[in-house]
Amino acid sequence: MQAATISAFGEIDVLEFGEVPTPRPRAGNVLIRIDAVGANYYDTLVRSGAVSRTIPLPHVIGSDIVGHVEKLGTGVKSVVPGDRVIVAPGFPTDPAEWQITPENEAPSYFPTGTYGWGGYAQYIEVPAVWVLRDETNLAPEELATIPLVLVTAVHAVKTLGRVGSGSRVLVQAGASGSGSMAIQVAKALGADVITTVSTDDKAALARSMGADEVVRYRETDVAAAIAGWAGKDGIDVVIDPVGGTTMAVNLDCLRPRGTVVNFGLTAGATATIPHLYPFFRNEKRLVGAWMGSMAELKFGLDLVKQGRIRAALHRTMPLRGAREAHRMMARAEVVGKLALLPWAA
(Lines give C-alpha, C1' and ligand atoms only; values in the text may rest on other atoms or scores of the structure.)
Protein backbone atom coordinates (compact mmCIF):
# COMPACT_ATOMS: atom_id res chain seq x y z
CA MET A 1 0.00 0.00 0.00
CA GLN A 2 0.99 3.64 -0.31
CA ALA A 3 1.58 5.71 2.80
CA ALA A 4 3.15 8.92 4.05
CA THR A 5 5.77 7.85 6.58
CA ILE A 6 8.40 9.35 8.83
CA SER A 7 11.76 7.61 9.30
CA ALA A 8 13.12 10.37 11.53
CA PHE A 9 11.66 13.13 13.65
CA GLY A 10 11.99 16.65 12.37
CA GLU A 11 10.73 19.28 9.98
CA ILE A 12 8.22 18.80 7.15
CA ASP A 13 10.73 17.17 4.82
CA VAL A 14 10.90 14.04 7.01
CA LEU A 15 7.49 13.09 5.56
CA GLU A 16 8.05 10.63 2.73
CA PHE A 17 5.52 9.07 0.37
CA GLY A 18 5.95 5.52 -0.92
CA GLU A 19 5.15 1.83 -0.64
CA VAL A 20 4.94 -0.01 2.67
CA PRO A 21 3.58 -3.48 3.49
CA THR A 22 -0.20 -3.76 3.73
CA PRO A 23 -1.15 -5.08 7.18
CA ARG A 24 -3.11 -8.30 7.64
CA PRO A 25 -5.76 -8.28 10.37
CA ARG A 26 -4.84 -10.31 13.42
CA ALA A 27 -7.39 -11.93 15.73
CA GLY A 28 -9.83 -9.34 17.06
CA ASN A 29 -8.68 -6.71 14.58
CA VAL A 30 -10.12 -5.15 11.44
CA LEU A 31 -8.40 -4.10 8.20
CA ILE A 32 -9.88 -0.82 6.98
CA ARG A 33 -9.55 0.67 3.52
CA ILE A 34 -9.08 4.35 4.31
CA ASP A 35 -11.24 6.74 2.28
CA ALA A 36 -10.03 9.94 3.95
CA VAL A 37 -7.88 11.06 6.88
CA GLY A 38 -8.00 14.43 8.58
CA ALA A 39 -4.83 16.47 9.04
CA ASN A 40 -4.45 17.86 12.57
CA TYR A 41 -1.96 20.10 14.32
CA TYR A 42 -1.26 17.13 16.58
CA ASP A 43 0.15 15.29 13.55
CA THR A 44 2.86 17.93 13.27
CA LEU A 45 3.81 17.43 16.92
CA VAL A 46 4.19 13.67 16.43
CA ARG A 47 6.19 14.24 13.24
CA SER A 48 8.58 16.67 14.93
CA GLY A 49 9.20 14.44 17.95
CA ALA A 50 7.53 16.87 20.35
CA VAL A 51 5.15 14.18 21.60
CA SER A 52 7.75 11.43 22.04
CA ARG A 53 11.02 10.32 20.50
CA THR A 54 10.46 6.74 21.62
CA ILE A 55 7.85 6.11 18.89
CA PRO A 56 9.17 3.23 16.74
CA LEU A 57 10.28 4.27 13.25
CA PRO A 58 9.32 4.20 10.45
CA HIS A 59 5.95 5.49 11.50
CA VAL A 60 2.60 6.51 9.99
CA ILE A 61 0.79 9.39 11.69
CA GLY A 62 -2.88 10.42 11.51
CA SER A 63 -5.78 10.26 13.98
CA ASP A 64 -8.96 11.10 12.03
CA ILE A 65 -9.69 8.00 9.94
CA VAL A 66 -12.81 7.01 8.00
CA GLY A 67 -13.21 4.20 5.50
CA HIS A 68 -14.68 0.78 4.77
CA VAL A 69 -14.06 -2.58 6.38
CA GLU A 70 -11.87 -4.63 4.02
CA LYS A 71 -11.11 -7.78 6.03
CA LEU A 72 -11.80 -9.21 9.46
CA GLY A 73 -9.48 -10.94 11.87
CA THR A 74 -10.78 -14.07 13.54
CA GLY A 75 -13.44 -13.52 16.18
CA VAL A 76 -14.70 -10.14 14.93
CA LYS A 77 -18.49 -9.92 14.84
CA SER A 78 -19.20 -6.23 15.42
CA VAL A 79 -18.71 -5.22 11.77
CA VAL A 80 -18.74 -6.94 8.38
CA PRO A 81 -16.75 -6.33 5.19
CA GLY A 82 -18.10 -3.33 3.34
CA ASP A 83 -19.30 -1.48 6.45
CA ARG A 84 -18.53 2.21 6.40
CA VAL A 85 -16.69 2.98 9.64
CA ILE A 86 -15.00 5.56 11.83
CA VAL A 87 -11.85 4.71 13.77
CA ALA A 88 -11.84 6.08 17.31
CA PRO A 89 -9.49 9.10 17.21
CA GLY A 90 -7.89 7.92 20.44
CA PHE A 91 -7.81 4.78 22.58
CA PRO A 92 -5.57 3.03 25.13
CA THR A 93 -2.67 1.27 23.45
CA ASP A 94 -2.42 -1.25 26.29
CA PRO A 95 -5.16 -3.92 25.95
CA ALA A 96 -5.02 -4.40 29.73
CA GLU A 97 -6.53 -0.90 30.04
CA TRP A 98 -9.39 -1.36 27.57
CA GLN A 99 -11.92 -1.80 30.38
CA ILE A 100 -11.09 1.57 31.97
CA THR A 101 -13.89 4.11 31.66
CA PRO A 102 -13.80 6.84 30.67
CA GLU A 103 -11.16 5.58 28.25
CA ASN A 104 -9.23 8.86 28.10
CA GLU A 105 -8.25 8.40 31.76
CA ALA A 106 -6.23 5.28 30.91
CA PRO A 107 -2.47 5.91 31.20
CA SER A 108 -1.85 4.51 27.70
CA TYR A 109 -4.60 6.57 26.01
CA PHE A 110 -3.22 8.61 23.12
CA PRO A 111 -4.58 9.91 19.84
CA THR A 112 -4.61 7.25 17.14
CA GLY A 113 -1.37 7.35 15.15
CA THR A 114 0.80 8.21 18.16
CA TYR A 115 2.42 4.91 19.08
CA GLY A 116 0.63 2.63 16.64
CA TRP A 117 0.40 3.34 12.91
CA GLY A 118 -2.20 5.90 11.95
CA GLY A 119 -4.20 6.95 8.92
CA TYR A 120 -1.76 8.58 6.48
CA ALA A 121 -2.03 5.40 4.41
CA GLN A 122 -4.38 3.42 2.21
CA TYR A 123 -5.09 0.79 4.88
CA ILE A 124 -4.97 0.51 8.65
CA GLU A 125 -5.31 -2.41 11.05
CA VAL A 126 -7.30 -1.51 14.18
CA PRO A 127 -8.74 -3.48 17.12
CA ALA A 128 -12.43 -3.94 16.32
CA VAL A 129 -13.46 -2.58 19.72
CA TRP A 130 -12.28 0.88 18.61
CA VAL A 131 -14.22 0.91 15.33
CA LEU A 132 -17.68 2.49 14.99
CA ARG A 133 -20.17 2.08 12.17
CA ASP A 134 -20.62 5.39 10.35
CA GLU A 135 -24.26 6.52 10.39
CA THR A 136 -23.66 10.20 9.58
CA ASN A 137 -24.20 10.07 5.78
CA LEU A 138 -21.41 12.63 5.39
CA ALA A 139 -18.93 12.43 2.54
CA PRO A 140 -15.67 10.81 3.71
CA GLU A 141 -13.66 14.00 3.27
CA GLU A 142 -16.11 15.91 5.47
CA LEU A 143 -16.33 13.22 8.13
CA ALA A 144 -12.53 12.93 8.34
CA THR A 145 -12.37 16.49 9.68
CA ILE A 146 -14.60 15.70 12.65
CA PRO A 147 -13.80 12.86 15.14
CA LEU A 148 -10.73 14.15 17.02
CA VAL A 149 -11.96 17.71 17.44
CA LEU A 150 -15.50 16.49 18.15
CA VAL A 151 -14.63 14.16 21.03
CA THR A 152 -12.29 16.82 22.45
CA ALA A 153 -14.96 19.51 22.23
CA VAL A 154 -17.66 17.40 23.85
CA HIS A 155 -15.32 16.53 26.71
CA ALA A 156 -14.12 20.11 27.17
CA VAL A 157 -17.40 21.97 26.64
CA LYS A 158 -20.03 19.60 28.04
CA THR A 159 -18.25 17.38 30.56
CA LEU A 160 -15.63 19.70 32.04
CA GLY A 161 -17.08 23.12 31.18
CA ARG A 162 -20.62 22.08 32.11
CA VAL A 163 -21.96 24.40 29.45
CA GLY A 164 -25.73 24.58 29.18
CA SER A 165 -28.59 26.82 28.13
CA GLY A 166 -27.71 30.48 28.59
CA SER A 167 -24.03 29.91 29.38
CA ARG A 168 -21.75 32.70 28.15
CA VAL A 169 -18.79 31.00 26.48
CA LEU A 170 -15.53 32.35 25.06
CA VAL A 171 -13.89 30.08 22.48
CA GLN A 172 -10.34 31.06 21.60
CA ALA A 173 -9.22 30.53 17.98
CA GLY A 174 -12.72 29.98 16.62
CA ALA A 175 -11.60 29.23 13.06
CA SER A 176 -9.25 26.42 14.06
CA GLY A 177 -10.45 22.84 13.85
CA SER A 178 -10.79 22.64 17.63
CA GLY A 179 -12.26 26.11 18.00
CA SER A 180 -14.86 25.78 15.25
CA MET A 181 -16.04 22.49 16.74
CA ALA A 182 -16.17 23.93 20.26
CA ILE A 183 -18.40 26.72 18.97
CA GLN A 184 -20.80 24.19 17.47
CA VAL A 185 -20.95 21.98 20.56
CA ALA A 186 -21.53 25.01 22.81
CA LYS A 187 -24.34 26.28 20.56
CA ALA A 188 -25.91 22.80 20.45
CA LEU A 189 -26.00 22.91 24.26
CA GLY A 190 -27.78 26.29 24.22
CA ALA A 191 -24.87 28.65 24.97
CA ASP A 192 -24.12 32.15 23.74
CA VAL A 193 -20.63 32.21 22.19
CA ILE A 194 -18.00 34.86 21.54
CA THR A 195 -14.81 33.85 19.76
CA THR A 196 -11.47 35.21 18.61
CA VAL A 197 -10.00 35.00 15.09
CA SER A 198 -7.23 36.67 13.08
CA THR A 199 -8.70 37.42 9.63
CA ASP A 200 -11.95 38.20 7.83
CA ASP A 201 -12.23 34.77 6.20
CA LYS A 202 -11.72 33.12 9.57
CA ALA A 203 -14.36 35.42 11.06
CA ALA A 204 -16.78 34.29 8.34
CA LEU A 205 -16.14 30.63 9.19
CA ALA A 206 -16.66 31.26 12.92
CA ARG A 207 -19.97 32.97 12.24
CA SER A 208 -21.06 30.14 9.97
CA MET A 209 -20.35 27.73 12.84
CA GLY A 210 -22.78 29.70 15.02
CA ALA A 211 -20.65 32.24 16.92
CA ASP A 212 -22.78 35.13 18.21
CA GLU A 213 -19.86 37.56 18.33
CA VAL A 214 -16.44 37.46 16.64
CA VAL A 215 -13.40 39.45 17.77
CA ARG A 216 -10.44 40.01 15.41
CA TYR A 217 -7.59 39.90 17.89
CA ARG A 218 -5.09 41.67 15.61
CA GLU A 219 -7.34 44.73 15.31
CA THR A 220 -9.18 44.92 18.63
CA ASP A 221 -8.60 45.17 22.36
CA VAL A 222 -9.72 41.60 23.02
CA ALA A 223 -10.27 42.00 26.76
CA ALA A 224 -12.41 45.12 26.27
CA ALA A 225 -14.43 43.51 23.47
CA ILE A 226 -15.17 40.43 25.59
CA ALA A 227 -16.09 42.54 28.63
CA GLY A 228 -18.43 44.67 26.52
CA TRP A 229 -20.19 41.58 25.18
CA ALA A 230 -20.39 39.60 28.41
CA GLY A 231 -21.38 42.49 30.65
CA LYS A 232 -20.58 42.91 34.34
CA ASP A 233 -21.17 39.23 35.16
CA GLY A 234 -18.35 38.04 32.88
CA ILE A 235 -17.77 34.80 30.97
CA ASP A 236 -18.99 31.51 32.42
CA VAL A 237 -16.65 29.19 30.51
CA VAL A 238 -13.54 29.73 28.40
CA ILE A 239 -12.59 27.01 25.91
CA ASP A 240 -8.90 27.45 25.12
CA PRO A 241 -7.14 25.32 22.48
CA VAL A 242 -4.34 27.92 22.28
CA GLY A 243 -2.58 28.28 25.64
CA GLY A 244 0.44 30.50 26.14
CA THR A 245 -0.30 34.22 26.08
CA THR A 246 -4.10 33.80 26.07
CA MET A 247 -4.21 32.80 29.73
CA ALA A 248 -4.26 36.34 31.14
CA VAL A 249 -7.33 37.29 29.08
CA ASN A 250 -8.98 33.94 29.82
CA LEU A 251 -8.80 34.49 33.57
CA ASP A 252 -9.49 38.22 33.50
CA CYS A 253 -12.79 37.88 31.63
CA LEU A 254 -13.97 34.92 33.70
CA ARG A 255 -16.77 35.40 36.22
CA PRO A 256 -16.29 34.29 39.84
CA ARG A 257 -16.42 30.48 39.99
CA GLY A 258 -16.17 30.30 36.21
CA THR A 259 -14.06 27.73 34.38
CA VAL A 260 -11.20 27.85 31.89
CA VAL A 261 -10.71 24.58 29.99
CA ASN A 262 -7.37 24.30 28.20
CA PHE A 263 -6.30 21.59 25.76
CA GLY A 264 -3.75 23.28 23.52
CA LEU A 265 -0.41 25.01 23.34
CA THR A 266 -0.16 26.54 19.86
CA ALA A 267 0.59 29.95 21.43
CA GLY A 268 3.11 28.49 23.86
CA ALA A 269 3.63 25.59 26.23
CA THR A 270 3.94 27.82 29.28
CA ALA A 271 1.36 30.22 30.71
CA THR A 272 1.20 32.59 33.67
CA ILE A 273 -1.59 33.38 36.09
CA PRO A 274 -1.12 37.17 36.33
CA HIS A 275 -2.09 37.42 40.02
CA LEU A 276 -3.07 34.62 42.32
CA TYR A 277 -5.25 36.67 44.71
CA PRO A 278 -8.16 37.40 42.31
CA PHE A 279 -7.79 33.84 41.02
CA PHE A 280 -8.37 32.15 44.39
CA ARG A 281 -10.50 34.93 45.91
CA ASN A 282 -13.04 34.46 43.11
CA GLU A 283 -12.66 30.67 43.10
CA LYS A 284 -11.93 30.52 39.39
CA ARG A 285 -11.23 27.09 37.93
CA LEU A 286 -8.50 26.15 35.45
CA VAL A 287 -8.73 22.57 34.18
CA GLY A 288 -7.00 20.59 31.49
CA ALA A 289 -8.81 18.41 28.95
CA TRP A 290 -7.36 15.31 27.30
CA MET A 291 -9.36 14.11 24.30
CA GLY A 292 -12.52 12.24 25.40
CA SER A 293 -14.34 8.95 25.81
CA MET A 294 -16.22 6.72 23.37
CA ALA A 295 -19.46 7.79 25.07
CA GLU A 296 -18.61 11.43 24.38
CA LEU A 297 -17.71 10.63 20.78
CA LYS A 298 -21.06 8.89 20.31
CA PHE A 299 -22.86 11.86 21.86
CA GLY A 300 -21.15 14.15 19.38
CA LEU A 301 -21.83 11.89 16.41
CA ASP A 302 -25.52 11.94 17.33
CA LEU A 303 -25.39 15.73 16.99
CA VAL A 304 -23.78 15.27 13.57
CA LYS A 305 -26.57 12.88 12.51
CA GLN A 306 -29.14 15.45 13.67
CA GLY A 307 -27.51 18.09 11.48
CA ARG A 308 -26.57 20.23 14.48
CA ILE A 309 -22.84 19.89 13.85
CA ARG A 310 -21.18 20.05 10.45
CA ALA A 311 -17.73 19.75 8.97
CA ALA A 312 -15.43 22.75 8.60
CA LEU A 313 -13.60 21.44 5.53
CA HIS A 314 -11.06 23.88 4.11
CA ARG A 315 -9.95 21.67 1.21
CA THR A 316 -8.98 18.15 0.21
CA MET A 317 -5.53 17.06 -0.94
CA PRO A 318 -4.10 13.76 -2.15
CA LEU A 319 -2.15 11.89 0.52
CA ARG A 320 1.03 12.46 -1.46
CA GLY A 321 0.49 16.14 -0.62
CA ALA A 322 0.93 15.58 3.12
CA ARG A 323 4.01 17.82 3.21
CA GLU A 324 2.03 20.71 1.75
CA ALA A 325 -0.76 20.10 4.26
CA HIS A 326 1.76 20.42 7.09
CA ARG A 327 3.20 23.59 5.52
CA MET A 328 -0.29 25.11 5.38
CA MET A 329 -0.95 24.28 9.02
CA ALA A 330 2.43 25.72 10.06
CA ARG A 331 1.63 28.99 8.22
CA ALA A 332 -1.87 29.23 9.77
CA GLU A 333 -3.35 29.18 6.26
CA VAL A 334 -6.08 26.65 7.08
CA VAL A 335 -9.59 27.90 7.78
CA GLY A 336 -11.13 24.86 9.47
CA LYS A 337 -9.58 21.49 8.59
CA LEU A 338 -7.77 19.66 5.76
CA ALA A 339 -8.61 16.15 4.57
CA LEU A 340 -6.10 13.87 2.81
CA LEU A 341 -7.32 11.30 0.26
CA PRO A 342 -5.14 8.16 0.13
CA TRP A 343 -6.49 6.94 -3.24
CA ALA A 344 -6.39 10.27 -5.10
CA ALA A 345 -3.81 10.67 -7.88
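One structure accompanies this document, and this report is about it. (Residues numbered from 1 in each chain as written. Predicted model: local features only at pLDDT ≥ 70, side-chain atom pairs only at ≥ 80, totals over all residues. Heavy atoms only, no water.)

### Some words on the packing of aromatic side chains
Geometry of an aromatic ring pair is reported as the spacing of the ring centres plus the angle between the planes.
At step 1: Using the criterion set out here, one finds six aromatic pairs in the structure.
At step 2: Centre to centre, the rings of Phe-110 and Tyr-115 are 5.1 Å apart; their planes meet at 75 degrees, and the pair counts as edge-to-face.
At step 3: Among the residues examined, Tyr-115 registers a relative accessible area of 30% and is labelled partly exposed.
At step 4: Through a chain of ring-to-ring contacts, three or more aromatic side chains come together here, namely Phe-91, Trp-98 and Trp-130.
At step 5: Over the ring of Trp-343 we find Arg-33; its NZ or CZ atom is 3.9 Å from the centre of that ring.
At step 6: Here Lys-158 stacks its cationic end above the ring of Phe-299, 4.8 Å away from the centre of that ring. (Phe/Tyr/Trp six-rings, centres within 6.5 Å; stacked < 30°, edge-to-face > 60°. Buried < 20%, exposed > 50% of the residue type's maximum accessible area, 1.4 Å probe, protein only. Lys NZ or Arg CZ within 6 Å of the ring centre and 35° of its normal.)

### Quick notes on helix H4 (residues 177-188)
At step 1: Across its twelve residues, H4 extends 17 Å between first and last C-alpha, which sits within 8% of the 16 Å expected from 1.5 Å per residue.
At step 2: With ten of its twelve residues buried, H4 lies for the most part within the structure.
At step 3: Residues of H4 that are buried include every one of Gly-177, Gly-179, Ser-180, Met-181, Ala-182, Ile-183, Gln-184, Val-185, Ala-186 and Ala-188, and no others. (Helix = DSSP H or I, 4+ residues; strand = E, 2+ residues; numbered from the N terminus. Expected span 1.5 Å × (residues − 1).)

### Focus on the environment of Gln-172
At step 1: On the secondary structure map, Gln-172 appears in the loop between strand S10 (168-171) and H4.
At step 2: For Gln-172, a relative accessible area of 6% gives the class buried.
At step 3: Note: C-alpha distance between Gln-172 and Gly-243 (71 residues apart in sequence) is 9.2 Å.
At step 4: Beyond its immediate chain neighbours, meaning those up to four positions away, Gln-172 contacts Gly-179, Thr-196, Ile-239, Asp-240, Pro-241, Val-242, Thr-246, Val-249 and Asn-250. (Contact = heavy atoms within 4.5 Å.)

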